[in-house]
Amino acid sequence: MNGLARWVPRLIIGTAVLHFVWAFAQPHAWGEIARDGFFMALADMNAPGYWPREGSVWFLACGVAMLAIGTLARHAVLATGRLPAQVGWYLLVLGVPMCVLYYPVTGSWVLPVIGILGLVAARRGGRPQGGPAS
């Protein structure tokens, strides 16, 4: 197992944690969503305050998605000693369009960076931890 394969899942999980923190630290609309009772709190796009609500929910949802990718990548590395190349590709597919649409006012540039690191780690490969040498 190469060191980069161990670090890529950690970087993804760290990014997820930052998303969770930012979902509640940024100017958010969780109070308004709670006052509306959560149910259908984002159903009316024309309602006042819709876009701050949308941003709050998407930051939290993307944090969950990043946590899922990171923990699954970590599991794969621990089980096989390799990082699947799909992890790098997923991050590139998520990050590149966001960079094109939002750069420079976003931190989405982190996703392609970690994605490229993931592809490098997958290419380097490695043998399963504790397994026989090939």
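See the structure printed just above.
Attention here is on the structure that accompanies the text.

**Considering the environment of Tyr50**
Stage number 1. Structurally, the position occupied by Tyr50 is in helix α3 (residues 50–80).
Stage number 2. Judged by its relative accessible area of 7%, Tyr50 falls in the buried class.
Stage number 3. As for Tyr50 and Ala29, which are separated by 21 residues in sequence, their C-alpha atoms are 8.8 Å apart.
Stage number 4. Beyond its immediate sequence surroundings of up to four residues, Tyr50 is in contact with Leu42, Asp44 and Met45.

**Thoughts on helix α1 (residues 3–25)**
Stage number 1. Relative to the 33 Å expected for 23 residues at 1.5 Å per residue, α1 spans 32 Å between its end C-alpha atoms, a close match to the ideal helical length.
Stage number 2. Taken as a whole, α1 has its buried residues at Leu4, Ala5, Val8, Pro9, Ile12, Thr15, Ala16 and Ala23.
Stage number 3. Of the surrounding elements, those touching the buried residues of α1 are α2 (30–35), α3, α4 (85–102) and α5 (110–124).
Stage number 4. Its side-chain oxygen placed 3.1 Å from the backbone nitrogen of Leu4, Asn2 serves as the N-cap of α1.

**Considering a nonpolar patch on the surface**
Stage number 1. A contiguous nonpolar surface patch, about 630 Å² in accessible area, is contributed by Val96, Met98, Val100, Leu101, Tyr102 and Val105.
Stage number 2. Residue placement: Met98 occurs in helix α4.
Stage number 3. We classify Met98 as partly exposed; its relative accessible area is 30%.

The rules behind the values
- Going along each chain's sequence as written, the residues are numbered from 1 onward.
- Where totals are concerned, whole chains, interfaces and linings use all residues; where local detail is concerned, this predicted model gives features only for residues with pLDDT of at least 70, and gives and counts side-chain atom pairs only at 80 or more.
- No hydrogens and no water enter the side-chain calculation; it runs on all heavy atoms of the structure.
- Helical segments are the DSSP runs of H or I of at least four residues, strand segments are the runs of E of at least two, and each set is numbered from the N terminus.
- When a residue's accessible area, from a 1.4 Å probe over protein chains only, is under 20% of the maximum for its type it is buried; when over 50% it is exposed; and in between it is partly exposed.
- Note on contacts: a residue pair qualifies if any of its non-hydrogen atoms lie within 4.5 Å across the two residues.
- Helix span is expected to be 1.5 Å times the residue number reduced by one.
- The definition of a polar contact used here is a pair of N or O atoms within 3.5 Å, where within protein one atom must be able to donate a hydrogen and the other to accept one, and adjacent residues in sequence count solely through side-chain atom pairs.
- Note on patches: the residues involved have over 30% relative accessible area and no salt bridge, like charges join within 9 Å, and the nonpolar side chains Val, Leu, Ile, Met, Phe, Trp and Tyr join within 5 Å.
- To be clear on the numbers: accessible area is Shrake-Rupley with a 1.4 Å probe, and residue cover counts the displayed protein chains and nothing else.
- Salt-bridge detection follows one rule: a side-chain nitrogen of Lys or Arg within 4 Å of a carboxyl oxygen of Asp or Glu.

Spatial relationships are all this shows, so hold off on functional conclusions.
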